[in-house]
Amino acid sequence: MSTHKPLVIGNWKLNPGTAAEAKALCIAIRKKLKKDAPVTVVVAPPFPYIADLTRLSPTGRIMVAAQDVFSEDSGAFTGEVSAGMLASLGVTQVIIGHSERRAMGETDAQVAAKVAAALRRKLTPVVCVGETVRDGSGSHFGVVEAQVRALAAGLTARALAAIVIAYEPIWAIGTGKNATPEDVEEMHLFIRTLLTKLYDRATGKRVRIIYGGSVKPENAAALHGAGMDGFLVGGASLSAESFNKIILAVLPA
Ligand code: 13P
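Quick look at the structure, then. (Residues numbered from 1 in each chain as written. Predicted model: local features only at pLDDT ≥ 70, side-chain atom pairs only at ≥ 80, totals over all residues. Heavy atoms only, no water.)

1. Some points on the pattern of salt bridges
Per the counting criterion, the structure on display carries 13 salt bridges. Two residues, Glu131 and Arg134, come together in a salt bridge whose shortest N-O distance is 3.0 Å. A relative accessible area of 0% places Glu131 in the buried class. Across the pair Asp229 and Arg192 runs a salt bridge whose closest N-O atoms are separated by 2.8 Å. Separated by 37 residues along the polypeptide, Asp229 in the loop between helix H10 (217-225) and strand S8 (230-233) and Arg192 in helix H8 (residues 181-198) bring together distant segments of the chain. A single network of salt bridges, built from pairs that share partners, joins Asp68, Arg101, Glu106 and Lys114. (Salt bridge = Lys/Arg side-chain N within 4 Å of Asp/Glu carboxyl O. Buried < 20%, exposed > 50% of the residue type's maximum accessible area, 1.4 Å probe, protein only. Helix = DSSP H or I, 4+ residues; strand = E, 2+ residues; numbered from the N terminus.)

Okay, structure coming up:
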């Protein structure tokens, strides 16, 4: 069982279509959320909605994350958004290295630079790792190991302990095919053991590891029972009702 306070992040991706809908969704999620529930709830809307949503929850009952961040703090980088800008709006977490961004060409080196930028501004990086396919040969462990090693290469133990690792097998994203609780438990242990090897036992324990990939109200309790510290939810986070059911599934009985 996880010893961390559970963390549930809704990655809205390129949704919803208007600022009004984004506000309405955030309000609906907040309404269903019990005050003082022992869970950290985060929504990650598209950039243009961030300011509205941080204003909606000034006490941080629902925290707001960004879906990406640029590695530099300022300068001639048309279209980019810096960690300082996000922090100034009240953003607290940032998703980095999502597979949908890696598919657009983002490299491990860029992921590491973005993580450093986020940490400079005290934003919590939620770094995504995960294999494209599972073929029974065990190659998925090698893929995840390379991603975790690349992430760890530039980080002190203290910096690493502040990070959240999101294990998101790409084959499970948006497909309705979630990893089984056994798969998830195995990968969770694998990542923790690797971190213990690269750092030490205490650091390996402190990093939060969450799961993403077709998390739904129906599978959330079983997946959480596999020891994960929470979830990174895509499609099911676009409905306040299903997102809330997932939140309920991670609360202590
Ligand atoms: P789905 O929950 O829609 O599979 O998406 C997962 C994801 O990519 C969250 O970042």
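Past the structure itself, the notes keep going.
2. Re the site of the ligand
Around the ligand lies a shell formed by Asn11, Lys13, His98, Glu168, Ala172, Ile173, Gly174, Gly213, Ser214, Leu232, Gly234 and Gly235. Take Gly235: an N or O atom from its main chain is 2.8 Å from an oxygen atom of the ligand. Alone, the ligand offers 310 Å² of accessible surface; in the complex the protein occludes 96% of this. (Near = heavy atom within 4 Å. Polar contact = N/O pair within 3.5 Å; in protein donor to acceptor, adjacent residues only side chain to side chain. Areas by Shrake-Rupley, 256 points an atom, 1.4 Å probe, with all protein chains shown as cover.)

3. Here's the deal with the pairing of strand S1 (residues 7-11)
The element S1 is extensively covered by neighbouring structure, given that five of its five residues are classed as buried. Of the two faces of S1, the one carrying Leu7, Ile9 and Asn11 and the one carrying Val8 and Gly10 are both buried. Alignment of S1 against strand S2 (residues 40-44), held across five bridges, turns out to be parallel. Note that in S2 the partner of Asn11 across the bridge is Ala44. Between the parallel elements S1 and S2, the chain passes through helix H1 (residues 19-32) in a crossover that is right-handed. (Pairing = 2+ DSSP bridges. Right-handed = clockwise from strand over helix to strand, strands pointing away.)

4. So, the packing of helix H5 (residues 108-120) against helix H6 (residues 139-153)
A packed helix pair is summarised by two numbers, namely the angle formed by the two axes and the spacing between the axes. Contact geometry of H5 with H6 gives a least axis separation of 9 Å together with a crossing angle of 45°. On the basis of their axis angle, the class for H5 and H6 is oblique. Our pair here, H5 against H6, has a crossing hand that is right-handed. Along its contact with H5, which presents Asp108, Ala112 and Val115, the element H6 presents Ala146, Gln147, Ala150 and Leu151. (Axes fitted to C-alpha atoms, helices over the stretch in contact; angles between N-to-C directions. Parallel < 35°, antiparallel > 145°, perpendicular 65-115°, else oblique. Left-handed = near helix turned anticlockwise from the far one by under 90°. Contact = heavy atoms within 4.5 Å.)

5. Quick notes on the packing of H6 against H8
Interhelical geometry of H6 versus H8 gives an angle of 40° and a closest axis separation of 11 Å. Considering the angle they form, H6 stands oblique to H8. The way H6 lies across H8 gives a crossing that is right-handed. Contacts between H6 and H8 pair His140, Phe141, Val144, Glu145, Val148, Arg149 and Ala152 from the former with Glu186, Met187, Phe190, Ile191, Leu194, Leu195 and Leu198 from the latter. Looking at the contact of H6 with H8, its residues break down into ten nonpolar, one polar and three charged. (Nonpolar A, V, L, I, M, F, W, Y, C, P; charged D, E, K, R; others polar.)

6. What about the packing of aromatic side chains?
Any pair of aromatic rings gets described here by the distance separating the centres and the angle formed by the planes. Using the criterion set out here, one finds three aromatic pairs in the structure. An angle of 50° between the planes, with centres 4.9 Å apart, marks the rings of Phe70 and Phe77 as tilted. Accessibility expressed as a relative area gives 16% for Phe70, which makes it buried. Each ring, one from Tyr167 and one from Tyr211, has its centre 6.3 Å from the other, and the planes form 55°; the classification is tilted. Residue Tyr167 is found in strand S6 (residues 164-167), and its partner Tyr211 is found in strand S7 (residues 208-212); the two are separated by 44 residues along the sequence. By the burial criterion, Tyr167 is buried, and Tyr211 matches it. (Phe/Tyr/Trp six-rings, centres within 6.5 Å; stacked < 30°, edge-to-face > 60°.)

7. Description of the nonpolar core
Counting residues in hydrophobic clusters, the biggest one holds 65 residues, and the most contacted among them are Ile191, Tyr211 and Phe231. Excluding residues that lie within four positions of it along the chain, Phe231 makes contacts with Leu7, Val8, Ile9, Ile210, Tyr211, Val215, Ala220, Leu223, His224, Ile246 and Val250. By size, the runner-up hydrophobic cluster in this structure holds twelve residues, among which are Ile9, Val42, Ala65 and Val164. (Core = buried A, V, L, I, M, F, W, Y, C linked by side-chain atoms within 4.5 Å.)

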